[in-house]
Amino acid sequence: RYITSSMTPPFSNKVRLGGEMFPSAHGIKLSPPRTKEDGLELYALVNGKRLGSQLCVSNPEAVKRAVAYAINFFKKRPDLPWIGMGPNDGSGFCECENCRALDSNEWDSYSSHMATTDRYIWFFNQVVAGIHKVYPGKKLCFYAYHTYTLPPRKHMPDKHIVPAFAPISLCRVHGMSNPVCPDRSFYKKVMVGWGKVVPEIFERGYYFNLACPGFPFSKVHAVRDEIVEARKAGVTGWKVEGIPSWATHTPTTYV
Ligand SMILES: [Zn+2]
Ligand SMILES: [Zn+2]
């Protein structure tokens, strides 16, 4: 339905990009913000200490403050259909008993970590319910990324939750039909799995080679292959990351 881009009109219109911009979704903003002086209960417990940059999402105060922030956000931007939020980029997830009890106990081999999707879906579900008391129909967007890439198993998402796949640890060279690329086969399974539990999904793919960004690289064959598969799996919009490096990425950037 949408293809979004940071390109601006008239060029974006000319290349048929448009739709609402998928919001940035690193970090969960709270109102009032947490401070160490107010106590450490909102900070993730990591190696026995409440020092983590992530939130202790099982803490009801975290839900309450995230809802308060979101309501204030929509008060300022009632025109927007959604708000973005999610864990801070990186690890340091809360190891407290209550947060761990929300997880599915599934190992995510591509992030080399236990999957944390379910704890965040549990949290987002409550935030959405809180937002809807004041702003019914608003959506919550997050990146299905890092340890929260795998589809949920224990807590099914409210239909107003919109993931955007950000497959940072997966192969970027091949398309999903490549029979010898385990990464892209895994990615297809992830897409299909999420497509069964939410009505709207974005792909926030990497259309350049992060490992060696200046290397001449074409994503055209993979895009041609994958957009079809992604659409079948339920992906409804794209907001991809590329680099405007015309010397090395011209075919991809043009496409
Ligand atoms: Zn916790
Ligand atoms: Zn590959």
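You'll find the structure just up there.
Residues numbered from 1 in each chain as written. Chains lettered and ligands numbered in written order. Predicted model: local features only at pLDDT ≥ 70, side-chain atom pairs only at ≥ 80, totals over all residues. Heavy atoms only, no water.

Enquirer: How would you explain the coordination of the zinc ion (ligand 2) if you had to name every residue and give the values?
Expert: Protein-derived coordination of the zinc ion (ligand 2) comes from Cys171 (SG), His174 (ND1) and Cys181 (SG), at a distance range of 2.0 to 2.2 Å. Written as a sequence motif, the donor arrangement for the zinc ion (ligand 2) is C-x2-H-x6-C. A relative accessible area of 17% places cysteine 171 in the buried class. For histidine 174, a relative accessible area of 29% corresponds to the partly exposed category. (Donors = N, O, S within 2.8 Å, 3.2 Å for Na, K, Ca; no water. Buried < 20%, exposed > 50% of the residue type's maximum accessible area, 1.4 Å probe, protein only.)

Enquirer: Residue-level account of helix H5 (residues 182–195), with values.
Expert: If you check H5, its first and last C-alpha atoms are 20 Å apart, about what 14 residues at 1.5 Å a residue would give, namely 20 Å. Taken residue by residue, H5 has Asp183, Arg184, Phe186, Tyr187, Val190, Met191, Gly193 and Trp194 as its buried positions. (Helix = DSSP H or I, 4+ residues; strand = E, 2+ residues; numbered from the N terminus. Expected span 1.5 Å × (residues − 1).)

Enquirer: Provide a residue-level description of the coordination of the zinc ion (ligand 1), including the pertinent values.
Expert: Around the zinc ion (ligand 1), the donor atoms from the protein are Cys56 (SG), Cys94 (SG), Cys96 (SG) and Cys99 (SG), and they sit 2.3 Å away. Relative to the metal, the 4 donor atoms surrounding the zinc ion (ligand 1) lie at angles of 107 to 113°, and the coordination shape comes out tetrahedral. Taken in sequence order, the residues that donate to the zinc ion (ligand 1) follow the motif C-x37-C-x1-C-x2-C. Of the two residues examined, cysteine 94 and cysteine 96, each falls in the buried class. (Tetrahedral: all angles 85-135°; square planar, octahedral: opposite > 155°, others 65-115°.)

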